[in-house]
Amino acid sequence: SAVYSVGPLFSEHLKDQHALGSLFVSLYGIPGIFVGIALQPLGKRFGKKKVAFVTGALGGLCAFLMGFASAVTMILAGMFFASLWISIMEPSLVAVFEDLIARGEKVANDLISMTAMTCSFSYIVGPILNGYLNDQFGELMVFKIWGGLIFAWSLFLLFTFPRKVHLPQKQIAEIIDETEA
């Protein structure tokens, strides 16, 4: 949400510095149009979780490093490459959740509800938090902060998320039966 809440303000500042500065938000959307072609082969070759976490780390790293750039063209390149990696990460992460939901059987609806609730919550809190960060640190720092967090969290998940998630169906069924009784 940082791109859509703080991005237009930042784009206006970049436009004052360079003629291409107004492309900031547009460069975020362009890679998403083309990366679908590469998703399936990447997922099959490396696995959906690994693709999601590695591309998330790369996208976060690009956004973080963009925070150190002073030239408008470098900032735009950073946004383009961050978006490229994030555009690969998002559908890969959705595929991971779909696999969990498919294997969740009795808790599938709960997993779907929790995912939808989390997304809705982020649409409310994200712009507010981005506005606060923008007021405190400036537009470019918002992207640097989120990029660093995405990078760190993606690396953490890459090394700690189990290769196979085992959902104990019998224990889940027992808990559900107890709560329904």
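Everything below is about the structure shown above.
Here is a short report on the structure shown in this document.

**Brief notes about the overall build of the protein chain**
Within the protein chain, the regular secondary structure consists of nine helices and zero strands. Looking at the protein chain as a whole, 34% of its 181 residues are labelled buried. Within the protein chain, counting contacts between residues at least 6 apart in sequence, those at least 24 apart form 78% of the total.

**Some words on a nonpolar patch on the surface**
Together, Phe121, Ile124, Val125, Ile128, Leu129 and Tyr132 line one region of the surface with nonpolar side chains, adding up to about 610 Å² of accessible area. If you trace the backbone, Leu129 turns up in helix α7 (residues 108–137). Residue Leu129 is classed as partly exposed on the basis of its relative accessible area, which comes to 33%.

**Re the side chain of Ser87**
Looking at where Ser87 falls in the secondary structure, it is placed in helix α6 (residues 72–104). Taking relative accessible area as the criterion, Ser87 reaches 13% and is therefore assigned buried. Within the structure, Ser87 has its side chain in polar contact with the backbone nitrogen of Gly32 (distance 3.5 Å). Leave out the neighbours within four places in its chain, and Ser87 touches Pro31, Gly32 and Val35.

**A word on the nonpolar core**
Core analysis: the largest hydrophobic core is formed by 17 residues, its most contacted members being Phe10, Leu14, Phe24, Met66, Ile75, Met79 and Phe143. Per element, the largest residue contribution to this core is four residues, and it comes from α6. Discounting residues that sit within four places of it in the chain, Phe24 has contacts with Gly7, Phe10, Ser11, Leu14, Met66, Ile75, Leu76, Met79 and Phe143.

**Regarding the packing of aromatic side chains**
The description of an aromatic ring pair rests on the distance of the ring centres and on the angle between the ring planes. This model, assessed by the stated rule, comprises seven aromatic pairs. Each ring, one from Phe53 and one from Phe161, has its centre 5.6 Å from the other, and the planes form 70°; the classification is edge-to-face. Of this pair, Phe53 sits in helix α5 (residues 48–66) while Phe161 sits in the loop between α8 (139–160) and α9 (169–180); the two residues are 108 residues apart in sequence, bridging distant segments of the chain. The buried category is assigned to Phe53, whose relative accessible area is 7%. A connected cluster of aromatic rings, assembled from ring pairs, spans Phe10, Phe24 and Phe143.

**Quick word on the pattern of salt bridges**
Evaluation of the coordinates by the stated rule reveals two salt bridges. Here Glu12 and Lys15 are joined by a salt bridge, their closest N and O atoms 3.3 Å apart. Of this pair, Glu12 and Lys15 both sit in helix α2 (residues 7–17), three residues apart, which is roughly one turn of the helix. Take Glu12: its relative accessible area is 44%, and that puts it in the partly exposed class. Between Lys48 and Asp99 there is a salt bridge, with its nearest N and O atoms 2.6 Å apart. With a gap of 51 residues between them, Lys48 in helix α5 and Asp99 in helix α6 connect regions that are remote in the sequence. Residue classification places Asp99 among the partly exposed residues on the basis of a relative accessible area of 33%.

Here is what the cut-offs are and how they apply
- Within every chain, residues take consecutive numbers counted from 1 along the sequence as written.
- The predicted nature of this model means local features are confined to residues of pLDDT at least 70 and side-chain atom pairs, given and counted, to a pLDDT of 80 or more, with totals for whole chains, interfaces and linings taken over all residues.
- Water and hydrogen atoms play no part in the side-chain values, which are based on all heavy atoms of the structure.
- Secondary structure follows DSSP: runs of H or I at least 4 residues long count as helices, runs of E at least 2 residues long count as strands, and numbering of each begins at the N terminus.
- Each residue's exposure class comes from its accessible area (1.4 Å probe, protein chains only) as a fraction of the maximum for that residue type: buried when under 20%, exposed when over 50%, partly exposed otherwise.
- The contact definition used throughout considers only heavy atoms, calling two residues in contact when any of these lie within 4.5 Å.
- Note that patches include only residues with greater than 30% relative accessible area and no salt bridge, and the join distances are 9 Å for like charges and 5 Å for nonpolar side chains (Val, Leu, Ile, Met, Phe, Trp, Tyr).
- All accessibility values rest on the Shrake-Rupley procedure with a 1.4 Å probe; residue burial counts only the protein chains present in the view.
- For this document, the term salt bridge refers to a Lys or Arg side-chain nitrogen within 4 Å of an Asp or Glu carboxyl oxygen.
- In protein, a polar contact means a hydrogen-donor-capable atom and an acceptor-capable atom, both N or O and within 3.5 Å, with residues adjacent in sequence counting only if both atoms are side-chain atoms; elsewhere, any N or O pair within 3.5 Å suffices.
- To qualify as a nonpolar core, a set must consist of buried Ala, Val, Leu, Ile, Met, Phe, Trp, Tyr and Cys residues joined through side-chain atoms within 4.5 Å.
- What counts as a ring pair is set by centres within 6.5 Å for rings of Phe, Tyr and Trp (its six-membered ring), and what kind of pair is set by the plane angle: stacked under 30 degrees, edge-to-face over 60, tilted for all other angles.

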